[in-house]
Amino acid sequence: MKISTIILPLIIFLALFFYAPFIILGYQSFQGLGGEFTLDNYLALVRDPTYLHVILYSIVIAVETTVITLLLAYPASYYVARIASGQEKIILLALLLTPFWIDVLLRSIAIKTIIYTIGLREGYTAMMIGMVYEYLPIMFLPIYASMSRISRSAIDAARVFGANTWDLIRRVIVPMTLPGIVAGSLLVLLMSMTEFVIPSLLGGTQGFTIGSLIYYLFLSGGLWGVGAALTMIVTVMLMVFAFVIAKRAGDITGW
Amino acid sequence: MKLLRYYTYALIAMLYIPIIVMILYSFDNSKYFGEWNGFTLRWYEQLLHDTQAWSALKNSMVVAVLSAVISTAIAIPAALMARDREKDIVSLMIYPPVIIPEITEAVALMLLLIYLGFPLGLVSVLIGHTAFNIAYAYIALSPVGGAGARLAVAARTLGADRFTAFLKVTIPVSMPGIIAALGLTFMMSFTDFIKTLFTKGPGFDTLPILVWNRARRPGLTPYTSQPAIAALATTLILISITIALAYTLYEVRRSEKQGEL
């Protein structure tokens, strides 16, 4: 296939500085201490209880974050998508989107001031407050999108056939927003699993997660092989899930 | 339904209360969060004489401006002139940088740079920022791509060569998209923390890195007292919000104009 020179700079730059690094990362993950080929780096992640604990702990935090943000965001997305209108809707959406422009680092410091004000200190609760705060808008958007797509007539029809509010929610709204729920949950789950800043600044002694482990293995521990194996697993998992989301809910997230 | 409205308002208020409280504490004449000892401007005065902060600001600006210009320049030909088949290849290549978590990208790039023996500092940070910015520049440019390409074809049937058509037709027509791409990539780079952390090497600090270093070791010097960190973070938030607002207003006006066309 002929590729014109127009897109070559982009292809070369990304190949060199985005794709080649992952090849090196993959190579590193199969390297032993003496430079020989080995699977030990991957096996260490499963065998060594310290690593396994950190990985499971991060998954627990990510699942908790997902469940809490889902429960909090769902009613609000219903309100913004189906009840609010005109000026009110625009303002609410703008307010929900603005935090995306403020870096997680700065928002973590903001959460710290709140934590100290209510008499808490760094720890599990502080970290979870920070996680929910960070990921709430990310959960909100895909659910809001699928909520907006439910047609008025579907709700009217359910009403006509005698559905009460509870039936309406259980039989119509939740099933019809399922793609948004799945997309939002996977997005939050995967992003929060590698979160590094919030656990480091708010978690105190409870803040050692996959993100911190990657940081530690590379920047202070010098265990590049294990670090590379861990990073490879996370990356491959994410690509697979991203592919699944794109396949199943592509029209909703706009990917 | 009233209840649902109050709930939504309360939830959105929760997103802003921490930021407002942090801004209040940046005027607090105390050393720690959680105790209020009266109003002071001393943390901001201190910031004015803070040579580390000024040099970090300079580094952030240099990296953000260069990265915005380079990534937009690389994305322009691909977004504005490529044929459909080529665009498919480009789309396939730019989505992973958007999806993959930053920390894994950062680690991978750091490994490559170390393997190559590339010195870590301004240039390595710039490379890292540009690698993800290309995707965002491409996305920001895409909406104007079609119009520019069609008009360029018209210009060529009227006798312009490919280069002239690009320079005199495609670029001017696509100016709004180019400005949007520059704004977005500047912003991404200016606020980036994780990619910078892994590719910076010792001695090269940007503003987010400075905030991180100080927030990790609070209370040791006047610069790392909690209200001083709040003042630094508030300043950064103000810069972010200002650029974001300018960008959003520009985008809104641009889409209104495109509606007219």
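All of these numbers come straight from a predicted model, not from anything done at the bench.

A. Focus on the overall build of chain B. Of the regular secondary structure elements, chain B holds 11 helices and 0 strands. Helices (α) and strands (β) of chain B occur, in sequence order from the N terminus, as α-α-α-α-α-α-α-α-α-α-α. With the C-alpha coordinates aligned to their principal axes, the bounding extent of chain B is approximately 75 × 60 × 35 Å. A total of 261 residues make up chain B; the buried ones form 45% of that total.

B. Expanded view of the overall build of chain A. A tally of regular secondary structure across chain A gives 12 helices and 0 strands. Starting at the N terminus and walking to the C terminus, you meet the elements of chain A as α-α-α-α-α-α-α-α-α-α-α-α. Overall, chain A is about 75 × 65 × 35 Å in size when its C-alpha atoms are taken along their principal axes. Here chain A holds 255 residues, and the buried ones make up 43% of them.

C. Local environment of the environment of Ser58(A). Residues and elements named next belong to chain A. Take Ser58: it is sitting in helix H3 (residues 49-83). The spacing of Ser58 and Gln206 is 148 residues in sequence and 11 Å in space, taken between C-alpha atoms. In this structure Ser58 touches Met193, Thr209 and Ile210, once residues within four positions along its chain are discounted.

D. Quick peek at the interface of chain A and chain B. Taken residue by residue, the interface counts 55 residues in chain A and 57 residues in chain B. Of all the secondary structure elements, the ones that give two or more residues to the side of chain A that touches chain B are helix H1 (8-29), H3, helix H4 (86-97), helix H5 (104-117), helix H10 (197-202), helix H11 (210-220) and helix H12 (224-253) of chain A. Sort the elements by how many residues they give to the side of chain A that touches chain B and H1(A) lands first, with 13 residues.

E. A look at the packing of H11(A) against helix H5 (residues 102-116) of chain B. Contact geometry for H11(A) and H5(B): axes closest at 11 Å, N-to-C directions at 10°. The orientation of H11(A) with respect to H5(B), classified from their angle, is roughly parallel. Two secondary-structure elements touch here, H11(A) through Gly211(A), Ile214(A) and Phe218(A) and H5(B) through Ile103(B), Val107(B) and Met110(B).

F. Region of the structure containing H5(A). Residues and elements named next belong to chain A. Taking 1.5 Å per residue as the helical rise, H5 with its 14 residues ought to reach 20 Å, and the 20 Å between its terminal C-alpha atoms agrees with that figure. Of all 14 residues in H5, 12 are buried; the element is thus mostly enclosed. Among all positions of H5, only Val104, Leu105, Leu106, Arg107, Ser108, Ile109, Ala110, Ile111, Lys112, Thr113, Ile114 and Ile115 are buried.

G. Up close: H5(B). Residues and elements named next belong to chain B. Given a rise of 1.5 Å per residue, 15 residues ought to cover 21 Å, and the 21 Å separating the end C-alpha atoms of H5 matches this to within 8%. Where burial is concerned, most of H5 is hidden: 12 out of the 15 residues are buried. For H5, the complete set of buried residues consists of Glu102, Ile103, Thr104, Glu105, Ala106, Val107, Ala108, Leu109, Met110, Leu111, Leu112 and Leu113. Phi for Gly117, located one or two positions after H5, is positive at around 70°.

H. Examining the environment of Met188(B) more closely. Residues and elements named next belong to chain B. With respect to the secondary-structure elements, Met188 resides in helix H8 (residues 175-191). Residue classification places Met188 among the buried positions, given that 20 C-beta atoms sit within 10 Å. If sequence neighbours within four positions are ignored, Met188 has contacts with Asn133 and Tyr136.

I. Broad picture of the confidence of the model for chain B. Taken over all residues, the pLDDT of chain B has a mean of 88, while the share at 70 or more is 97%. The ipTM, which scores confidence in the relative placement of chains, is 0.85 for this predicted complex, and the corresponding pTM is 0.87.

J. Local environment of the packing of H3(A) against helix H1 (residues 2-25) of chain B. At a minimum axis separation of 9 Å, H3(A) and H1(B) run at an interaxial angle of 115°. When the axes of H3(A) and H1(B) are compared, the pair comes out roughly perpendicular. For H3(A) against H1(B), the interelement crossing comes out left-handed. In this structure, H3(A) uses Leu72(A), Pro75(A), Ala76(A), Tyr79(A), Val80(A) and Ile83(A) to contact H1(B), whose residues at the interface are Leu4(B), Arg5(B), Tyr7(B), Thr8(B) and Leu11(B). Residue composition of the contact of H3(A) with H1(B), by class: 9 nonpolar, 1 polar and 1 charged.

K. A look at the nonpolar core. Of all hydrophobic cores here, the largest spans 145 residues; its most connected members are Ala75(B), Val107(B), Ile134(B), Tyr138(B), Leu141(B), Val211(B) and Ala233(B). Among the elements that take part in this core, helix H6 (residues 124-149) of chain A stands out by supplying 15 residues, more than any other. When near neighbours in sequence (up to four residues on either side) are disregarded, Val211(B) contacts Leu105(A), Ile229(B), Leu232(B), Ala233(B) and Leu236(B).

About the thresholds
- Residues numbered from 1 in each chain as written.
- Chains lettered and ligands numbered in written order.
- Predicted model: local features only at pLDDT ≥ 70, side-chain atom pairs only at ≥ 80, totals over all residues.
- Helix = DSSP H or I, 4+ residues; strand = E, 2+ residues; numbered from the N terminus.
- Buried ≥ 20, exposed ≤ 12 C-beta atoms within 10 Å, placed from the backbone.
- Contact = placed C-beta atoms within 7 Å.
- Axes fitted to C-alpha atoms, helices over the stretch in contact; angles between N-to-C directions.
- Parallel < 35°, antiparallel > 145°, perpendicular 65-115°, else oblique.
- Expected span 1.5 Å × (residues − 1).
- pLDDT = per-residue confidence, 0-100.
- Left-handed = near helix turned anticlockwise from the far one by under 90°.
- Nonpolar A, V, L, I, M, F, W, Y, C, P; charged D, E, K, R; others polar.
- Core = buried A, V, L, I, M, F, W, Y, C linked by C-beta atoms within 7 Å.

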